[in-house]
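# Remarks on the overall topology
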Amino acid sequence: METFKKILSKYYLFVVLFITILFFTIMSPAFLSLRNLINIFVQNAYMVIATVGIMLIMISGGADLSVSYQIGVNACIMGLMMANGISTPMVIVAALVCGLVLGFINGIITVTLKVHPMVTTLATMSIFQGMAYIICKGITFSGFPESFKAIGQHYLWGKLPISVIIMFVMVILAHVMLKYTNFGRYIYALGGNEEAAYLAGINTVRMRVLTFAVSSIFVAVASIVFTSRIGSASPTLASDAVFTCFSACVLGGISFRGGEGNVVGVVLGVFIFGLLSNGMQLIGLSIYGQYVVKGILLILAISFDNYQKASRVKKAAKS
């Protein structure tokens, strides 16, 4: 029994993934078609990138509720620039710089006011939302140049979606950064015990700001991929992204307390939610029913996370 619990604890994401695929394959023959699987990857490419960015903050012991409207601000800035004839490379650079600035704003407010990042980003979520509406002035930008839409809509060699390639590049980058760099090790240390990290010589203030900045660059890349795929830009472009990002992180093994988690688990978490959304659409479940199912899954993920924490505490107490 103890061995089974260890296996389940280690590979539960693969079990959930397998059950999800098996269920929707039985319910809808079209689910496992190559066309649908490619569609799932394309639809979730931007969400994987954004969630990996949020993962960095959560591992450091923080949170970012402003992700949806960071995407909105970036999208509106890109839409406004392209409406004024600015070239695609300049638009992409502007989006990345904007993401960096938004991240710095979150980080600097957090360390200056010495409040939990969740409180900071709850406030900046409203600020960014207002900024997005001011930029777009109630207009939905569209009619983007083909060079920009190619990022989210075109394929290399007719088979590989460019957006999916970008997704894998960003995932690999995050994995290497977390596992093989001092920056990654400092992020884990910051989330594990901020005071101990400070006493070990880590500049925790600078690390907190840098983590937000790097996270927001990932979110900016996600906004580029998503805006180009949709072919339009508005403040509410990704209004539900914050729910999916946090849900996928928790499901993927990222603790709200910080200090643990990995990229693979987060990516699997995003695709489990992506498979659920796609499968529920194929079997004709209403959007409201989908919200119920996703909410239940989030509650189960949080419960499982708490159960694992309690088990580890008990083992530590016994030893």
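Remember, it's a predicted structure, so these values are computed and weren't measured experimentally. (Residues numbered from 1 in each chain as written. Predicted model: local features only at pLDDT ≥ 70, side-chain atom pairs only at ≥ 80, totals over all residues. Heavy atoms only, no water.)

In this section: the packing of helix α2 (residues 34-59) against helix α12 (residues 263-282). Running from N to C, α2 and α12 cross one another at 140°; their axes reach a closest spacing of 9 Å. In terms of their interaxial angle, α2 and α12 are classed as oblique. α2 and α12 meet at a crossing whose hand is right-handed. Taking contact as the criterion, the partners of Asn36, Asn39, Ile40, Phe41, Gln43, Asn44, Met47, Val48, Thr51, Val52 and Met55 in α2 are, on α12, Val263, Val266, Val267, Val270, Phe271, Gly274, Leu275, Asn278 and Leu282. Within the contact of α2 with α12, the residues separate by chemical class into 13 nonpolar, seven polar and no charged. (Axes fitted to C-alpha atoms, helices over the stretch in contact; angles between N-to-C directions. Helix = DSSP H or I, 4+ residues; strand = E, 2+ residues; numbered from the N terminus. Parallel < 35°, antiparallel > 145°, perpendicular 65-115°, else oblique. Left-handed = near helix turned anticlockwise from the far one by under 90°. Contact = heavy atoms within 4.5 Å. Nonpolar A, V, L, I, M, F, W, Y, C, P; charged D, E, K, R; others polar.)

What follows deals with the side chain of Gln290. Considering the arrangement of structural elements, one finds Gln290 in helix α13 (residues 287-318). For Gln290, a relative accessible area of 4% translates into the label buried. There is a polar contact of 3.2 Å between the side chain of Gln290 and the backbone oxygen of Leu285. Here Gln290 is in contact with Ser277, Met280, Gln281 and Leu285, once residues within four sequence places are set aside. (Buried < 20%, exposed > 50% of the residue type's maximum accessible area, 1.4 Å probe, protein only. Polar contact = N/O pair within 3.5 Å; in protein donor to acceptor, adjacent residues only side chain to side chain.)

In total, this model carries two salt bridges according to the counting rule given. A salt bridge links Glu194 to Arg208, with the nearest nitrogen and oxygen atoms 3.1 Å apart. With Glu194 in helix α9 (residues 194-199) and Arg208 in helix α10 (residues 204-230), this residue pair connects regions lying 14 residues apart in the sequence. Residue class for Glu194 comes out partly exposed when judged on its relative accessible area of 37%. (Salt bridge = Lys/Arg side-chain N within 4 Å of Asp/Glu carboxyl O.)

Quick look at unusual backbone geometry now. The residue Lys114 is not glycine, and still its phi comes out positive at about 55°. Along the polypeptide, Lys114 turns up in the loop between α4 (88-113) and α5 (117-136). By relative accessible area, which is 75% here, Lys114 ends up exposed. If you check the backbone angles, Lys137 has positive phi at about 55° while not being a glycine. As for its position among the elements, Lys137 is in the loop between α5 and β1 (141-142).

Here the focus is the environment of Ala30. Mapped onto the fold, Ala30 is located in the loop between α1 (2-27) and α2. Overall, the relative accessible area of 38% leaves Ala30 in the partly exposed class. Separated by 252 residues in the primary sequence, Ala30 and Leu282 place their C-alpha atoms 8.0 Å from one another. If we ignore the near neighbours within four places in the chain, the residues touching Ala30 are Asn36 and Leu282.

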